[in-house]
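# Examining the three-dimensional arrangement
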Amino acid sequence: MIESGNNDAAVGSVGEISRYQIRPTLWPGGNPHNPNLALNVAQRIMRARLARFEHAYNRTPSDFEFYVLWNAPEQVNHPRRAVARRAERFANLVCAR
């Protein structure tokens, strides 16, 4: 929602596709503008990332770490400043629910 505005036709600055801003190298095929397919792909990607995190750390990620796992999984231990700021905003939004 933050980056794509829930626009199924969104394309990010480095070519990310769908409302979930999935990098083209991770897209398995099919129409990325199909909201049901895009959700399914996003869920599969995130399940795999969560499983790796939980196996490595023996716990579920915090809301902050969840955001980093989706947006910059390679930075989960040391997110860059911009990613950390957005992750903090995300975590605050989740807590405010």
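The structure under discussion appears in the preceding block.
These notes cover the structure that comes with them. This one's a predicted model, so the numbers in the text were calculated from it and none came from an experiment. (Residues numbered from 1 in each chain as written. Predicted model: local features only at pLDDT ≥ 70, side-chain atom pairs only at ≥ 80, totals over all residues. Heavy atoms only, no water.)

## Some words on the overall build of the protein
Applied cut-off: Every helix listed is a DSSP run of H or I at least four residues long, and every strand listed is a run of E at least two residues long, numbered separately from the N terminus. For the radius of gyration, the atom set is restricted to C-alpha positions; the globular benchmark scales as 2.2 Å times the number of residues to the power 0.38. Whether a residue is buried, partly exposed or exposed follows from its accessible area with a 1.4 Å probe, protein chains only, as a fraction of its type maximum: under 20%, in between, or over 50%, in that order. We get accessible surface area from the Shrake-Rupley algorithm with a probe of 1.4 Å; when it comes to residues, only the shown protein chains can shield them. For the charge count, each Lys or Arg is scored as positive and each Asp or Glu as negative, with His and the chain ends excluded. We put the charge of a Lys on NZ, of an Arg on CZ, of an Asp on CG and of a Glu on CD.
In terms of regular secondary structure, the protein is built from three helices and zero strands. For the protein, the sequential pattern of α-helices and β-strands runs α-α-α. Over its C-alpha atoms the protein spans a radius of gyration of 14 Å, differing by no more than 12% from the 13 Å that the globule rule assigns to 97 residues. Each of the three principal axes of the protein carries a C-alpha extent, and together these read 35 × 25 × 25 Å. Of all 97 residues assigned to the protein, the portion counted as buried reaches 32%. As presented, the protein carries roughly 6400 Å² of accessible surface, and 52% of it is formed by carbon and sulfur atoms. Separation of charge centres in the protein, based on 13 positive and 8 negative side chains, amounts to 2 Å.

## Structural notes on the nonpolar core
Soluble, globular proteins show a tendency: their nonpolar side chains are buried together. So the rule is basically this: Throughout this description, the term nonpolar core refers to a set of buried Ala, Val, Leu, Ile, Met, Phe, Trp, Tyr and Cys residues connected via side-chain atoms within 4.5 Å.
Counting residues in hydrophobic clusters, the biggest one holds 10 residues: Met46, Leu50, Phe53, Tyr67, Val68, Leu69, Ala72, Val76, Val83 and Ala87. Sorting the residues of this core by element identifies α1 (35-57), α2 (63-71) and α3 (81-96) as the ones contributing at least two each. In terms of nonpolar packing, the next biggest core, distinct from the first, is built from seven residues, Ile17, Ile22, Trp27 and Ala42 among them.

## Quick look at the side chain of Asp8
Put simply, the rule is: Here, two residues are considered to be in contact whenever any of their heavy atoms come within 4.5 Å of each other.
Looking at where Asp8 falls in the secondary structure, it is placed in the segment before α1. Looking at Asp8, the relative accessible area reads 18%, which means it is buried. Each residue touching Asp8, except ones within four places of it in the same chain, is listed here: Ser18, Arg19, Pro32, His33 and Pro35.

## So, the packing of aromatic side chains
Inclusion rule: Side-chain rings of Phe, Tyr and Trp, where Trp is taken by its six-membered ring, are said to pair if the distance between their centres is within 6.5 Å; with planes under 30 degrees apart they count as stacked, over 60 as edge-to-face, and otherwise as tilted.
What the rule picks out here adds up to three aromatic pairs. With a centroid separation of 4.6 Å and an interplanar angle of 35°, the aromatic rings of Phe53 and Tyr57 are classed as tilted. Here Phe53 and its partner Tyr57 are both found in helix α1, four residues apart, which amounts to about one turn of the helix. Overall, the relative accessible area of 4% leaves Phe53 in the buried class. Ring centres of Phe66 and Phe90 lie 6.3 Å apart, and the angle between their planes is 10°; this geometry places the pair in the stacked category.

## Some points on α1
Keep this limit in mind: Helix span, expected: 1.5 Å multiplied by one less than the number of residues in the helix. Pairing of N or O atoms within 3.5 Å defines a polar contact, subject to two protein rules: one partner must be a possible hydrogen donor and the other a possible acceptor, and residues neighboring in sequence count only if both atoms are side-chain atoms.
The end-to-end C-alpha distance of α1 is 32 Å, a good match for the 33 Å that 23 residues give at a rise of 1.5 Å each. Those residues of α1 that sit buried are Ala38, Val41, Ala42, Ile45, Met46, Arg49, Leu50 and Phe53. Contacts from the buried residues of α1 go to α2. N-capping of α1 is provided by Asn34, with a side-chain oxygen placed 2.8 Å from the backbone N of Asn36. Downstream of α1 by one or two residues, Asn58 has phi in the positive range, about 55°.

## Overview of unusual backbone geometry
One non-glycine residue, Asn6, lies in positive phi territory at about 60°. Relative to the assigned elements, Asn6 resides in the segment before α1.

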